[in-house]
Amino acid sequence: MATAEPVVEATEQGAGELGALYWREVERFMRGLVAAERTADGSVLLRLRPGGLVLLAFGAPESAVVHDGVRSTYPIVGGFLVRTPGGTISFSQEAGPPLALASTISGFFPRLAARPGRPGWTGALYEQVQRRLHLAVSKRYFRALVAGERA
């Protein structure tokens, strides 16, 4: 998403704010059905309420100032919605031009997606639910960043 001006400082703390605000938006969007638990080392567990089933587990973030902006990256380490641990979710503010905000998932193996060699329709639940939820949360997240909301 393009933005007219930076939404966080170009520091590791600013990068950390990008991640913290995303997890807050997940909780808001899910209206209390999912809790984003932060551990002492910065890891995040997305738990279904009630019951506490861990849907997604992320390791401690790596926040960095890079030549083109700031980035906070969380490794995907497990959870019910993960077929195989691996991959990352990253939140970034890219200095541009143009100045932009991004949320990127890479190397993720979702349990609900079609398995290799299987018909595409077997992954319909992922496409219709999990992927769409991530996109909706991301849109809300970007609006909150641009509006100046902080975690």
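Scroll up to find the structure.
First, a word on scope: everything that follows refers to the structure included in this document. (Residues numbered from 1 in each chain as written. Predicted model: local features only at pLDDT ≥ 70, side-chain atom pairs only at ≥ 80, totals over all residues. Heavy atoms only, no water.)

**Observations regarding the overall build of the protein**
Next, step 1: Per the secondary structure count, the protein includes two helices and nine strands.
Next, step 2: Across the protein, helices and strands are ordered from the amino to the carboxyl terminus as α-β-β-β-β-β-β-β-β-β-α.
Next, step 3: Over its C-alpha trace the protein gives a radius of gyration of 16 Å, about what one expects of a compact globule, namely 15 Å for 151 residues.
Next, step 4: Projected onto its principal axes, the C-alpha positions of the protein cover 45 × 30 × 25 Å.
Next, step 5: Every one of the 151 residues in the protein was classed for burial, and the buried ones make up 39%.
Next, step 6: Taking all contacts inside the protein whose residues are at least 6 apart in sequence as the whole, residues at least 24 apart take part in 47%.
Next, step 7: Total accessible area computed for the protein in this model is approximately 8,200 Å², and 58% of it derives from carbon and sulfur atoms.
Next, step 8: Distance from the positive charge centre (17 side chains) to the negative charge centre (13 side chains) of the protein: 13 Å. (Helix = DSSP H or I, 4+ residues; strand = E, 2+ residues; numbered from the N terminus. Rg over C-alpha atoms; globule rule 2.2 N^0.38 Å. Buried < 20%, exposed > 50% of the residue type's maximum accessible area, 1.4 Å probe, protein only. Contact = heavy atoms within 4.5 Å. Areas by Shrake-Rupley, 256 points an atom, 1.4 Å probe, with all protein chains shown as cover. Lys, Arg positive; Asp, Glu negative; His and termini not counted. Charge placed at Lys NZ, Arg CZ, Asp CG, Glu CD.)

**Brief notes about the pairing of strand S3 (residues 54–58)**
Next, step 1: With four of its five residues buried, S3 lies for the most part within the structure.
Next, step 2: In terms of strand pairing, strand S2 (residues 44–48) meets S3 through four bridges, oriented antiparallel. The partner of Val 44 across the bridge, within S3, is Phe 58. (Pairing = 2+ DSSP bridges.)

**Examining the layout of surface pockets**
Next, step 1: The computed volume of the largest pocket comes to approximately 570 Å³.
Next, step 2: What lines the largest pocket is a set of 26 residues, among which Leu 56, Leu 81, Gln 130, Leu 133 and His 134 lie closest to the centre.
Next, step 3: Among the secondary structure elements, those contributing two or more residues to the lining of the largest pocket are helix H1 (12–29), S2, S3 and helix H2 (124–146).
Next, step 4: Looking at the lining of the largest pocket, the element that brings in the most residues is H2, giving eight residues. (1 Å grid on protein atoms, 1.4 Å probe; cavity = no way out; pocket = protein on both sides within 12 Å on 5 of 7 lines; lining within 4 Å. Points joined across faces, edges and corners; volume = space filled by probe spheres on them.)

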